[in-house]
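Structural features, examined
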Amino acid sequence: MEATKLQKRAAARADELPGASLDHPFGDGWDVFKVRGKIFMLLTHVTGKPMVIVKTDPAEGKALQAMLEHITPGYHMNKQHWITLTPGGDIDAKLVDDLVTESYLLVVEKLPKVQRPVDPARFRHRRS
């Protein structure tokens, strides 16, 4: 996926997710997407190239990093639970959509049930 499209695609997917909001708690250069006040995705260019940083299951994150050149440990985040996507041929729109959605659901699962904007199990099943 091209540099200009990566972050646009990730932001567009986040905007579709129930209860998701955009914030700028770290100042200019950082778009922070949250659900019920909890971060599930960050977008930045601070290193000179666009990055999408998402939460992931540790085993899935390691597998993705081993398979795909443009997925690396989470920039300035816990390297076990976050990954970074950078522009490249091995990143496509479906993968971006899936990773953003999964990051969102990992955060939603940790919320108290009354605060969840969706039922994570049903939301996953609906997408399959």
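Scroll up a little and you will see the structure.
Let me begin by describing the structure that accompanies this report. (Residues numbered from 1 in each chain as written. Predicted model: local features only at pLDDT ≥ 70, side-chain atom pairs only at ≥ 80, totals over all residues. Heavy atoms only, no water.)

Observations regarding the pairing of strand 6 (residues 82-85)
Alternating positions in strand 6 separate into two faces, Trp82 and Thr84 on one and Ile83 and Leu85 on the other, with burial throughout. Sheet topology note: the strand 4 (residues 51-55)/strand 6 ladder contains 4 bridges and is antiparallel. The partner of Val54 across the bridge, within strand 6, is Ile83. Here 3 bridges tie strand 5 (residues 71-73) to strand 6, and the two strands are oriented antiparallel to one another. Residue pairing in the sheet places Pro73 in a bridge with Ile83 of strand 6. (Buried < 20%, exposed > 50% of the residue type's maximum accessible area, 1.4 Å probe, protein only. Helix = DSSP H or I, 4+ residues; strand = E, 2+ residues; numbered from the N terminus. Pairing = 2+ DSSP bridges.)

Here's the deal with the pairing of strand 2 (residues 30-35)
Summarising burial for strand 2: 5 of the 6 residues are buried, a large majority. Hairpin connection between strand 1 (residues 20-23) and strand 2: a loop of 6 residues separates the two successive antiparallel strands, and Gly27 in this loop has a positive phi of roughly 90 degrees. For strand 2 and strand 3 (residues 38-44), the ladder comprises 6 bridges, and the chain directions are antiparallel. Looking at the pairing, Asp31 lines up with Leu43 of strand 3.

Comments concerning the packing of aromatic side chains
The final tally for this structure, using the stated rule, is 5 aromatic pairs. Ring centres of Trp30 and Tyr75 lie 6.3 Å apart, and the angle between their planes is 20 degrees; this geometry places the pair in the stacked category. Remark: Tyr75 occurs in the loop between strand 5 and strand 6 and Trp30 occurs in strand 2; sequence separation between them is 45 residues. With a relative accessible area of 13%, Trp30 lands in the buried category. Seen from their ring centres, Tyr104 and Phe123 are 6.2 Å apart, and the 55 degrees between their planes marks the pair as tilted. With Tyr104 in helix 3 (residues 93-110) and Phe123 in helix 4 (residues 120-127), the pair connects residues that are 19 residues apart, well separated along the chain. Through a chain of ring-to-ring contacts, three or more aromatic side chains come together here, namely Phe33, Phe40, Tyr104 and Phe123. (Phe/Tyr/Trp six-rings, centres within 6.5 Å; stacked < 30°, edge-to-face > 60°.)

Some details on the sheet that holds strand 5
Strand pairing in a sheet relies on backbone hydrogen bonds. The paired strands run either parallel or antiparallel. Taken in spatial order, the 6 strands of this open sheet run 1-2-3-4-6-5, and their pairing is antiparallel. At either end of the open sheet lies a strand with only one pairing partner, and these are strand 1 and strand 5. Shown here is a sheet whose adjacent strand axes are inclined to one another by a mean of 25 degrees, direction ignored. Packing against the sheet, helix 2 (residues 58-67) makes contact with strand 5 and strand 6, and its axis sits at approximately 130 degrees to strand 5. (Axes fitted to C-alpha atoms, helices over the stretch in contact; angles between N-to-C directions. Contact = heavy atoms within 4.5 Å.)

Looking at the pattern of salt bridges
In this structure the tally under the stated criterion is 4 salt bridges. Glu16 is paired through a salt bridge with Arg13; the nearest N and O atoms lie 2.7 Å apart. Here the residue Glu16 and the residue Arg13 both occupy positions in helix 1 (residues 3-16), the gap between them amounting to 3 residues, near one helical turn. Lys34 is paired through a salt bridge with Asp23; the nearest N and O atoms lie 3.1 Å apart. Linking Lys34 in strand 2 with Asp23 in strand 1, this pair joins segments that are 11 residues apart in sequence. (Salt bridge = Lys/Arg side-chain N within 4 Å of Asp/Glu carboxyl O.)

Digging into the nonpolar core
Ranked by internal contacts, the top residues of the largest apolar core, which has 29 residues, are Phe40, Met41, Ile71, Leu85 and Val100. Every element with two or more residues in this core is listed here: helix 1, strand 2, strand 3, strand 4, strand 6 and helix 3. Beyond its immediate sequence surroundings of up to four residues, Val100 is in contact with Ala10, Arg13, Ala14, Leu17, Phe40, Met41 and Val54. (Core = buried A, V, L, I, M, F, W, Y, C linked by side-chain atoms within 4.5 Å.)

Purely geometric numbers; function is a separate question.
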